[in-house]
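Listed here are the chains, written in short residue letters.
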Amino acid sequence: MRDVGGFRMGPFELMELTGLDVTHPASELIYNQFFQEPRYRPNLIMRSRYEAGVLGRKTKRGFYDYDAEMKAIVPPEPAAPAMRPDSVWISPTEPRGHAVLADLLKKLGAPLESGAKPGAKTLILVTPIGEDATTCAVEQGLDPERTVAVDTLFPMAKRRTIMGTPVTGSAFRDAIQGLLASDGVPVTVCRDSPGFIAQRIVAMIVNIGCSIAQSRTAQPADIDRAVTLGLNYPRGPFGFGDALGPERVYKVLSAMYRIYGDSRYRPNIWLTRRAKLGVSLSTLEP
């Protein structure tokens with residue numbers, strides 16, 4: 001995020017402030033200068049909007065519409081369903097995620113099941129790292145119609161993110177959304193997607209930072225400094241990576257690479273080596 005005039009901007013608002021007539025050609029230039037490296041491939045949605053002249057603030061139309069004062073019009077979030085599940089079972093496959101989610105749900109008064117397998121009508125929760133809800137349900141042998149994934153990689157005090165499989169029953173999805181929002185924290189419901197939203201974005205930022213370090217363009221400390229000062233991110237790529245843990249970032253990217261089969265998500269060798277060695281991403285070779 002970038003703080004412009006006291007207002008923190010996400011990637012789409014920042015892109016529309018710059019204008020797609022600047023952002024997209026710059027993205028294509030970087031892509032071609034790196035010999036079509038998949039990590040830098042521009043997104044088709046950006047290209048189609050650029051060609052249609054939907055450029056952002058300068059055309060008053062983009063990913064957002066704008067009011068007379070050129071402020072993005074953001075519709076209010078819909079209220080969470082006033083529902084709670086009758087019983088909840090959390091998959092133990094990802095131990096850290098299980099512990100984090102179980103602790104939160106206990107505080108929210110959720111009726112947790114503790115058996116090795118979920119009951120026949122129980123809401124099933126999974127805590128994927130880089131995977132989607134469908135992959136978790138299939139690989140763990142769970143009922144996809146009752147399975148909902150919860151992102152536990154990031155702190156859950158200010159926002160929570162969930163996603164179901166394409167066949168998850170709306171009653172199960174609504175029940176966990178209502179429960180997770182019962183203490184006033186907003187809940188984002190996204191479609192089934194490897195890496196949710198934040199996992200994917202942050203992992204890609206870390207991976208590109210590692211690519212820059214691997215090419216010896218700049219040192220990790222300089223890359224972090226450029227990102228925090230230039231984009232006003234709370235951390236740079238290496239700070240983000242070390243805060244989450246190099247092993248987890250590597251796991252996010254590896255899962256997305258495996259599921260999509262797209263080299264865009266291939267973990268960089270700098271990241272891979274340090275994740276496997278269990279050392280900081282800022283570790284330099286002698």
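Please refer to the structure placed before this passage.
Quick look at the structure, then.

Thresholds, definitions, all that
What you see as residue numbers is a count from 1 along each chain, following the sequence as written. Given that the model is predicted, a residue must reach a pLDDT of at least 70 before its local features are reported, and side-chain atom pairs must reach 80 or more before they are shown or counted; all residues, however, enter totals for whole chains, interfaces and linings. Values reported for side chains reflect all heavy atoms of the structure, with hydrogen atoms and water molecules removed beforehand. Salt bridge, as used here: a side-chain nitrogen of Lys or Arg that lies within 4 Å of a carboxyl oxygen of Asp or Glu. Helix and strand labels come from DSSP, where a helix needs a run of H or I of at least four residues and a strand needs a run of E of at least two; each type is numbered from the N terminus. With a 1.4 Å probe rolled over the protein chains alone, any residue whose accessible area is under 20% of its type maximum counts as buried; one over 50% counts as exposed, and the rest are partly exposed. A pocket here means an open set of points on a 1 Å grid, computed over the protein atoms alone, that has protein on both sides within 12 Å along at least five of seven lines. A cavity is instead a set of points where a 1.4 Å probe fits but cannot get out; residues with an atom within 4 Å of a point line either one. Grid points are joined across faces, edges and corners, and a volume is the space filled by probe spheres set on the points. Three residue categories are used. Nonpolar comprises Ala, Val, Leu, Ile, Met, Phe, Trp, Tyr, Cys and Pro, charged comprises Asp, Glu, Lys and Arg, and polar comprises the others, including Gly. What makes two strands pair is DSSP finding at least two bridges between them. When the strands point away from the viewer, a crossover counts as right-handed if the route from the first strand across the helix to the second turns clockwise. Whenever a helix is involved, its axis is fitted only over the stretch in contact; in every case the axis is a line through C-alpha atoms, and angles between N-to-C directions fall within 0 to 180 degrees. The contact rule is simple, with two residues in contact once any of their heavy atoms fall within 4.5 Å.

1. Considering the pattern of salt bridges
Phase 1: Counted according to the given criterion, the structure contains 15 salt bridges.
Phase 2: With a shortest N-O distance of 2.9 Å, E139 and R258 are connected by a salt bridge. Of the two residues, E139 is situated in helix α5 (residues 133-139) and R258 in helix α10 (residues 246-260); the sequence distance between them amounts to 119 residues.
Phase 3: A salt bridge links D143 to R146; the shortest N-O distance between them is 3.0 Å.
Phase 4: What makes R146 buried here is its relative accessible area of 10%.
Phase 5: Several salt bridges converge on common partners, so that one network encompasses E28, R47 and E51.

2. A few points about the layout of surface pockets
Phase 1: Taken as a whole, the second largest pocket encloses approximately 180 Å³ of empty space.
Phase 2: Considering the residues around the second largest pocket, the lining is formed by A213, Q214, R216, A218, Q219, P220, W270, L284 and E285.
Phase 3: Across the lining of the second largest pocket, the residue classes tally to 5 nonpolar, 2 polar and 2 charged.

3. A few points about the pairing of strand β4 (residues 123-126)
Phase 1: Where burial is concerned, the two faces of β4 agree: the one with L123 and L125 and the one with I124 and V126 are both buried.
Phase 2: Alignment of strand β3 (residues 88-90) against β4, held across 3 bridges, turns out to be parallel. Each bridged residue has a counterpart across the sheet, and for I90 the counterpart in β4 is L125.
Phase 3: As for the winding sense of the linkage, the β-α-β connection from β3 through helix α4 (residues 95-107) to β4 is left-handed.

4. Structural notes on the sheet that holds β4
Phase 1: Across the sheet, 5 strands lie side by side as β3-β4-β5-β6-β7; this open sheet has mixed pairing. Because the sheet does not close on itself, it has two edges, and the strands there are β3 and β7 (187-189). Sheet twist, expressed as the mean angle between neighbouring strand axes with direction ignored, is 30 degrees.
Phase 2: Docked against the sheet, α4 engages β3, β4, β5 (147-150) and β6 (160-164), running at close to 155 degrees with respect to β3.
Phase 3: Relative to β6, helix α6 (residues 170-180) is tilted by about 170 degrees, and along the sheet it contacts β4, β5, β6 and β7.

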